[in-house]
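# Coordinate inspection notes
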Amino acid sequence: MTSLATNQDLDPRLLRDAFGTFPSGVVALAAEIDGRPIGLAASSFTSVSLDPPLVSVSLATSSKTWPDLRRSSHIGVTVLADHHAEVCRALAGPVDHRFDELDFTTTPEGAITLDEGLASFDCTIYREVEAGDHVVVLLELHAVHQAEDNAHPLVFHRSGFGTLRTLA
Ligand SMILES: Cc1cc2nc3c(=O)[nH]c(=O)nc-3n(C[C@H](O)[C@H](O)[C@H](O)COP(=O)(O)O)c2cc1C
């Protein structure tokens, strides 16, 4: 193990690689806007607070979807299952085709959740915090649903997808 150098040039590629060593799940963030489903995949999802119930995602300020998504009064968050690798790629792909192959449910308030997620949440925006080239979005939860089966999560690690099946 090499020691940490000071005054190191923290270029984005170096940082992305180092951040990528930290494994995470992936969620779909989605809502209906102007009669169309819109959304994106996010691996920055984190549970934050039980009282009030809060979660967070960190979204790039370059996101073209977030300015639209944030217009919805409610936003759906779905924890992706390990069979969702293609779904995840689609949700990060061309905007007009992200929901082409997806089964999803829309609430009367416009929150969209995927039908086969491990868990899903109905959220409103609690706070947005500017954070460099990202905005940390705190979402307040209004409803939660957890799948009854023992499906496993999709895991994102070092820019690739894996599963936790070996832990079963
Ligand atoms: C596995 C995975 C995780 C991602 N996580 C995030 C994330 O946490 N934050 C983010 O801003 N974009 C994330 N993205 C990228 C978005 O899904 C999307 O591609 C990006 O926001 C560009 O699309 P947009 O301009 O429509 O927002 C992720 C993509 C993938 C494939």
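Residues numbered from 1 in each chain as written. Predicted model: local features only at pLDDT ≥ 70, side-chain atom pairs only at ≥ 80, totals over all residues. Heavy atoms only, no water.

Within an unreviewed UniProt entry, the label attached to the protein chain reads Flavin reductase, and the organism entered is Nocardioides oleivorans. Among the UniProt annotations of the protein chain, the heading Sequence similarities (unreviewed entry) holds the following wording: "Belongs to the non-flavoprotein flavin reductase family." (UniProt positions renumbered as here; feature names shortened; annotations may be inferred.)

### What about the sheet that holds strand E4 (residues 53–60)?
Spatially, the seven strands line up as an open sheet ordered E2-E1-E5-E8-E9-E4-E3, and their pairing is antiparallel. Single-partner strands in this sheet number two, and they are strand E2 (36–42) and strand E3 (46–50). On average, each strand axis in the sheet is inclined to that of its neighbour by 35°, with strand direction left out of account. Pairing geometry for strand E8 (residues 119–131) and strand E9 (residues 134–146), over 12 bridges, is antiparallel. The partner of aspartate 122 across the bridge, within E9, is alanine 143. (Pairing = 2+ DSSP bridges. Helix = DSSP H or I, 4+ residues; strand = E, 2+ residues; numbered from the N terminus. Axes fitted to C-alpha atoms, helices over the stretch in contact; angles between N-to-C directions.)

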